[in-house]
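Fold and geometry: a report
Take a look at the letters that make up each chain.
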Amino acid sequence: MLPRKLLAEFIGTALLLAAVVGSGIMGTMLSPGNAGIALLANAAATAGVLYVLIVLFGPISGAHFNPAVTLAMGLRGDLSARDALAYVLVQVVAAVAGVLLAHAMFDLPLLQPGTHVRSGAAQWLSEGVAAFGLLLTILLGSRQRPSAVAGLVASYIFAAYWFTASTSFANPAVTVARSLTQSFAGIRPADVPGFVLAQFLGGICAVPVAQWLSPAPQAPG
């Protein structure tokens, strides 16, 4: 049932953002001035919670938590246009709720327009690569090793935090929500459109590549 799937997407996306933003806040609190330690804590917490959330909610909603993933599934015919739109709306609202929850847990102002500058060709390329790799991981992993998808996604995101200049947002809903925090995980609202466009382009490019690399088995005869 769609309502059950949407609830799973809401809870999962909100908890994901609470972990992303909350771990960034905690990392900078415990290691002030040490961006490397803060990023390590942020990456580890994000990867850990992703693994848990995908295992728990994957059987219910597919555990998208990401409009780029939902779009890819729609393009493959795995999700109707109506359901995909509902998924995306819930993901964006839940992502914002997750940021507000993180702020509340650390007794910070709930709404904080982001100030972290993240712009330029290198950042956009990084987001395109991050989203492309994430979708390729999901699409190929779900076909070749479905039981390992949670671990594959968590491992990829942990690595992408470090090998991309943008620290791998790779998610339009996450990007919009992170424009509402001035914490370590934040982004300026003005930089959101470039990130989101790059993420969608990277995700869309992954769909035909995954299909070409792993074609559907031919019927005997």
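What you see is a predicted model; the values in this text were computed from it and never measured.

**Some words on the pattern of salt bridges**
Considering all chains together, one arrives at three salt bridges under this definition. Residue R82 pairs with D83 through a salt bridge whose shortest N-O separation is 3.2 Å. Under the relative-accessibility criterion, R82 is labelled exposed at 61%. On the basis of relative accessible area, D83 is assigned to the buried category, the value being 15%.

**Quick look at unusual backbone geometry**
Residue A63 is not a glycine yet carries a positive backbone phi of 55°. With a phi close to 55°, S168 is a non-glycine residue in the positive phi region. Here S168 shows up in the loop between α6 (149-163) and α7 (172-178).

**Comments concerning empty space enclosed by the protein**
Summed over the entire model, instances satisfying the criterion amount to one cavity of 30 Å³ or more. Within this model, the largest cavity holds a volume of roughly 50 Å³. For the lining of the largest cavity, the secondary-structure elements that each account for two or more residues are α5 (121-144) and α8 (192-213). Tallied by class, residues from the lining of the largest cavity come to four nonpolar, two polar and two charged.

Rules and cut-offs
- Residues numbered from 1 in each chain as written.
- Predicted model: local features only at pLDDT ≥ 70, side-chain atom pairs only at ≥ 80, totals over all residues.
- Heavy atoms only, no water.
- Salt bridge = Lys/Arg side-chain N within 4 Å of Asp/Glu carboxyl O.
- Buried < 20%, exposed > 50% of the residue type's maximum accessible area, 1.4 Å probe, protein only.
- Helix = DSSP H or I, 4+ residues; strand = E, 2+ residues; numbered from the N terminus.
- 1 Å grid on protein atoms, 1.4 Å probe; cavity = no way out; pocket = protein on both sides within 12 Å on 5 of 7 lines; lining within 4 Å.
- Points joined across faces, edges and corners; volume = space filled by probe spheres on them.
- Nonpolar A, V, L, I, M, F, W, Y, C, P; charged D, E, K, R; others polar.

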